[in-house]
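Each chain, letter by letter, is given below.
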Amino acid sequence: MAEKILLEIVTPERKVLSETVDIVMAPGELGEFGVLPGHIPFLCKLKVGELRYRVGAASRHIAVMGGYAEVLNNQVTILAAAAEAEIEIDVIRARAARERAERRIAEARDKLEFTRAQAALQRAIARLRVAERQ
Ligand code: ATP
(Lines give C-alpha, C1' and ligand atoms only; values in the text may rest on other atoms or scores of the structure.)
Protein backbone atom coordinates (compact mmCIF):
# COMPACT_ATOMS: atom_id res chain seq x y z
CA MET A 1 0.00 0.00 0.00
CA ALA A 2 1.27 3.48 -0.86
CA GLU A 3 2.44 5.67 2.01
CA LYS A 4 -0.04 8.23 3.28
CA ILE A 5 -0.05 11.29 5.49
CA LEU A 6 -2.09 11.80 8.65
CA LEU A 7 -3.45 15.36 8.53
CA GLU A 8 -4.60 16.81 11.84
CA ILE A 9 -6.05 20.30 12.18
CA VAL A 10 -6.61 21.57 15.70
CA THR A 11 -7.86 24.89 17.11
CA PRO A 12 -8.23 25.98 20.74
CA GLU A 13 -11.91 25.08 20.43
CA ARG A 14 -11.91 21.74 18.63
CA LYS A 15 -10.30 19.14 16.43
CA VAL A 16 -11.31 20.25 12.96
CA LEU A 17 -9.93 17.28 11.08
CA SER A 18 -8.04 14.02 11.48
CA GLU A 19 -7.77 12.25 8.16
CA THR A 20 -5.40 10.05 6.18
CA VAL A 21 -4.56 11.86 2.95
CA ASP A 22 -2.25 11.71 -0.07
CA ILE A 23 -0.94 15.27 -0.27
CA VAL A 24 -1.30 18.52 1.68
CA MET A 25 -0.85 22.05 0.28
CA ALA A 26 -0.63 24.63 3.04
CA PRO A 27 -0.46 28.47 3.03
CA GLY A 28 3.01 29.03 4.52
CA GLU A 29 3.99 32.51 5.53
CA LEU A 30 6.65 32.48 2.80
CA GLY A 31 4.36 30.88 0.23
CA GLU A 32 2.30 27.78 -0.34
CA PHE A 33 4.11 24.50 0.24
CA GLY A 34 3.26 20.88 -0.50
CA VAL A 35 3.78 17.83 1.69
CA LEU A 36 3.98 14.32 0.28
CA PRO A 37 4.76 11.13 2.24
CA GLY A 38 8.42 11.00 3.26
CA HIS A 39 8.75 14.78 3.69
CA ILE A 40 11.58 15.90 5.98
CA PRO A 41 10.66 17.23 9.45
CA PHE A 42 9.58 20.83 9.12
CA LEU A 43 7.99 23.57 11.20
CA CYS A 44 6.61 26.83 9.86
CA LYS A 45 4.18 29.64 10.38
CA LEU A 46 1.02 29.80 8.31
CA LYS A 47 -0.77 32.81 6.96
CA VAL A 48 -4.52 33.20 6.78
CA GLY A 49 -5.62 31.33 3.69
CA GLU A 50 -6.68 28.09 2.12
CA LEU A 51 -5.27 24.67 2.98
CA ARG A 52 -5.89 22.00 0.36
CA TYR A 53 -5.52 18.25 0.55
CA ARG A 54 -6.26 15.28 -1.64
CA VAL A 55 -7.63 11.85 -0.83
CA GLY A 56 -7.50 9.73 -3.99
CA ALA A 57 -9.24 11.78 -6.67
CA ALA A 58 -11.10 14.01 -4.19
CA SER A 59 -9.72 17.45 -3.45
CA ARG A 60 -10.78 19.19 -0.22
CA HIS A 61 -10.36 22.71 1.09
CA ILE A 62 -10.11 24.19 4.57
CA ALA A 63 -9.99 27.86 5.56
CA VAL A 64 -7.13 28.29 8.05
CA MET A 65 -6.76 31.43 10.18
CA GLY A 66 -2.97 31.41 10.43
CA GLY A 67 -1.10 29.34 13.01
CA TYR A 68 1.64 26.75 12.68
CA ALA A 69 2.30 23.62 10.65
CA GLU A 70 4.49 20.78 11.84
CA VAL A 71 5.56 17.96 9.52
CA LEU A 72 6.94 14.90 11.28
CA ASN A 73 6.89 11.16 10.52
CA ASN A 74 4.28 11.37 7.76
CA GLN A 75 2.02 13.49 9.94
CA VAL A 76 1.04 17.11 9.29
CA THR A 77 -0.28 18.90 12.36
CA ILE A 78 -1.88 22.31 11.94
CA LEU A 79 -2.46 24.47 15.01
CA ALA A 80 -4.64 27.40 14.03
CA ALA A 81 -6.61 30.11 15.82
CA ALA A 82 -9.65 28.92 13.83
CA ALA A 83 -10.27 26.69 10.83
CA GLU A 84 -13.34 25.54 8.94
CA ALA A 85 -13.97 22.98 6.23
CA GLU A 86 -15.87 24.23 3.19
CA ILE A 87 -19.24 22.80 4.31
CA GLU A 88 -18.90 24.39 7.76
CA ILE A 89 -18.52 27.92 6.50
CA ASP A 90 -21.46 30.27 6.98
CA VAL A 91 -21.24 32.29 3.76
CA ILE A 92 -23.68 34.99 4.86
CA ARG A 93 -21.65 35.57 8.03
CA ALA A 94 -18.39 35.70 6.06
CA ARG A 95 -19.87 38.20 3.57
CA ALA A 96 -21.07 40.37 6.44
CA ALA A 97 -17.60 40.13 8.03
CA ARG A 98 -16.03 41.19 4.71
CA GLU A 99 -18.34 44.20 4.38
CA ARG A 100 -17.73 45.19 8.00
CA ALA A 101 -13.97 44.90 7.54
CA GLU A 102 -14.02 46.97 4.33
CA ARG A 103 -15.98 49.68 6.11
CA ARG A 104 -13.58 49.61 9.07
CA ILE A 105 -10.60 49.90 6.72
CA ALA A 106 -12.14 52.95 5.03
CA GLU A 107 -12.96 54.57 8.38
CA ALA A 108 -9.83 53.57 10.34
CA ARG A 109 -8.47 56.42 12.47
CA ASP A 110 -5.11 54.88 13.29
CA LYS A 111 -2.74 52.11 12.30
CA LEU A 112 -4.06 49.65 14.89
CA GLU A 113 -7.66 49.95 13.69
CA PHE A 114 -6.46 49.63 10.11
CA THR A 115 -4.31 46.54 10.84
CA ARG A 116 -7.11 44.80 12.75
CA ALA A 117 -9.63 45.52 10.02
CA GLN A 118 -7.22 44.25 7.40
CA ALA A 119 -6.74 41.00 9.33
CA ALA A 120 -10.53 40.60 9.60
CA LEU A 121 -10.80 41.18 5.85
CA GLN A 122 -8.18 38.49 5.17
CA ARG A 123 -10.12 35.99 7.32
CA ALA A 124 -13.38 36.76 5.52
CA ILE A 125 -11.73 36.49 2.10
CA ALA A 126 -10.15 33.14 2.99
CA ARG A 127 -13.52 31.78 4.14
CA LEU A 128 -15.31 33.00 1.04
CA ARG A 129 -12.61 31.63 -1.25
CA VAL A 130 -13.02 28.18 0.30
CA ALA A 131 -16.84 28.26 0.52
CA GLU A 132 -17.57 29.80 -2.89
CA ARG A 133 -15.03 27.82 -4.90
CA GLN A 134 -16.40 26.78 -8.26
P1 ATP B 1 -16.83 37.19 12.63
O2 ATP B 1 -16.62 38.69 12.62
O3 ATP B 1 -17.90 36.73 11.70
O4 ATP B 1 -16.97 36.61 14.05
P5 ATP B 1 -14.03 36.49 12.68
O6 ATP B 1 -13.04 36.45 11.56
O7 ATP B 1 -13.83 37.59 13.69
O8 ATP B 1 -15.48 36.54 12.03
P9 ATP B 1 -12.81 34.36 14.12
O10 ATP B 1 -12.40 35.14 15.33
O11 ATP B 1 -11.78 34.03 13.11
O12 ATP B 1 -14.05 35.09 13.43
O13 ATP B 1 -13.52 33.00 14.57
C14 ATP B 1 -14.33 32.91 15.75
C15 ATP B 1 -15.08 31.58 15.69
O16 ATP B 1 -16.14 31.67 14.73
C17 ATP B 1 -14.23 30.38 15.28
O18 ATP B 1 -14.73 29.25 15.93
C19 ATP B 1 -14.49 30.26 13.79
O20 ATP B 1 -14.31 28.93 13.33
C21 ATP B 1 -15.94 30.70 13.69
N22 ATP B 1 -16.29 31.38 12.44
C23 ATP B 1 -15.97 32.66 12.08
N24 ATP B 1 -16.51 32.98 10.90
C25 ATP B 1 -17.18 31.87 10.48
C26 ATP B 1 -17.95 31.57 9.31
N27 ATP B 1 -18.15 32.47 8.34
N28 ATP B 1 -18.50 30.34 9.21
C29 ATP B 1 -18.32 29.43 10.19
N30 ATP B 1 -17.59 29.65 11.32
C31 ATP B 1 -17.03 30.86 11.46
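Position numbers for residues start from 1 in each chain and track the written sequence from start to end. Whole-chain, interface and lining totals are the exception, using all residues; otherwise, since this is a predicted model, local features are given only for residues with pLDDT of at least 70 and side-chain atom pairs are given and counted only at 80 or more. Derived side-chain values reflect all non-hydrogen atoms in the structure, with water molecules and hydrogen atoms excluded from consideration.

Quick look at helix α2 (residues 111-131)
Heads up, the rule is: For the purposes of this entry, the term helix denotes a DSSP run of H or I that reaches at least four residues, the term strand denotes a run of E that reaches at least two, and both are numbered from the N terminus. A helix's residues, less one, multiplied by 1.5 Å, set its expected span. The contact criterion used throughout is that any non-hydrogen atoms of two residues lie within 4.5 Å. Residues adjacent in sequence count toward polar contacts only when both atoms are side-chain atoms; beyond that, a polar contact is any pair of N or O atoms within 3.5 Å, and within protein one must be able to donate a hydrogen and the other to accept it.
Taking 1.5 Å of rise per residue, the 21 residues of α2 would be expected to cover 30 Å, and the 30 Å separating its terminal C-alpha atoms lies within 8% of that figure. The elements touched by buried residues of α2 are β5 (42-55), β6 (58-72) and α1 (91-107). The opening residue of α2, the one whose side-chain oxygen lies 3.2 Å from the backbone nitrogen of L112, is D110.

Here's the deal with the side chain of E8
Considering the arrangement of structural elements, one finds E8 in strand β1 (residues 5-10). At a separation of 3.3 Å, a polar atom in the side chain of E8 contacts the side chain of K15. With residues near it in sequence (within four places) discarded, E8 still touches K15, L17, S18, Q75, V76, T77 and I78.

Looking at the layout of surface pockets
Our working definition: A 1.4 Å probe that fits into a set of points on a 1 Å grid over the protein atoms alone but cannot get out defines a cavity; an open set with protein on both sides within 12 Å along at least five of seven lines defines a pocket, and lining residues are those with an atom within 4 Å of a point. Grid points are joined across faces, edges and corners, and a volume is the space filled by probe spheres set on the points. Residue polarity follows a fixed list, in which Ala, Val, Leu, Ile, Met, Phe, Trp, Tyr, Cys and Pro are nonpolar, Asp, Glu, Lys and Arg are charged, and the others, Gly among them, are polar.
Its volume calculated, the largest pocket comes out at about 350 Å³. Only α1 and α2 provide two or more residues apiece to the lining of the largest pocket. If you tally residues by element for the lining of the largest pocket, the top one is α1, at six residues. Considering only residue class, the lining of the largest pocket consists of seven nonpolar, no polar and eight charged.

Here's the deal with the pattern of salt bridges
Our working definition: When a carboxyl oxygen of Asp or Glu lies within 4 Å of a side-chain nitrogen of Lys or Arg, that pair is called a salt bridge.
Under the criterion given, the structure shown has eight salt bridges. Linking K4 and D22 is a salt bridge whose minimum nitrogen-to-oxygen distance equals 2.8 Å. Taken together, the positions of K4 in the segment before β1 and D22 in the loop between β2 (15-21) and β3 (23-28) put the pair 18 residues apart, joining distant regions of the chain. Its salt-bridge partner being E84, residue R127 comes within 2.7 Å of it at the nearest N-O pair. With R127 in helix α2 and E84 in strand β8 (residues 83-85), this residue pair connects regions lying 43 residues apart in the sequence.

Structural notes on the nonpolar core
The line we're drawing: For our purposes a nonpolar core is just a set of buried Ala, Val, Leu, Ile, Met, Phe, Trp, Tyr and Cys residues, chained together by side-chain atoms within 4.5 Å. Exposure classes here rest on a 1.4 Å probe applied to the protein chains alone. A residue is buried below 20% of its type maximum, exposed above 50%, and partly exposed in between.
Within the largest apolar cluster, 23 residues are counted, with the highest numbers of intra-cluster contacts made by L7, I9, V24, L51, I62 and I78. Among the secondary structure elements, those contributing two or more residues to this core are β1, β2, β3, β4 (31-35), β5, β6, β7 (75-79) and β8. The contacts of V24, once residues within four sequence positions are left out, are I5, L7, F33, G34, V35, L51, R52, Y53 and V76. Counting five residues, the second largest nonpolar core, distinct from the first, contains A63, I89, A126 and V130.

Some words on the pairing of β5
Short version of the rule: At least two bridges found by DSSP between two strands are what make those strands a pair.
Sheet topology note: the β3/β5 ladder contains four bridges and is antiparallel. Opposite M25, over in β5, you have R52 as the bridge partner. Pairing between β5 and β6: 13 bridges, direction antiparallel. Following the sheet pairing, R52 is matched in β6 by H61. Turn length for the β5-β6 hairpin, with the two strands adjacent in sequence and antiparallel, is two residues, and the turn residue G56 shows positive phi of about 60°.

Take it as geometry only, folks, not as evidence of what the structure does.
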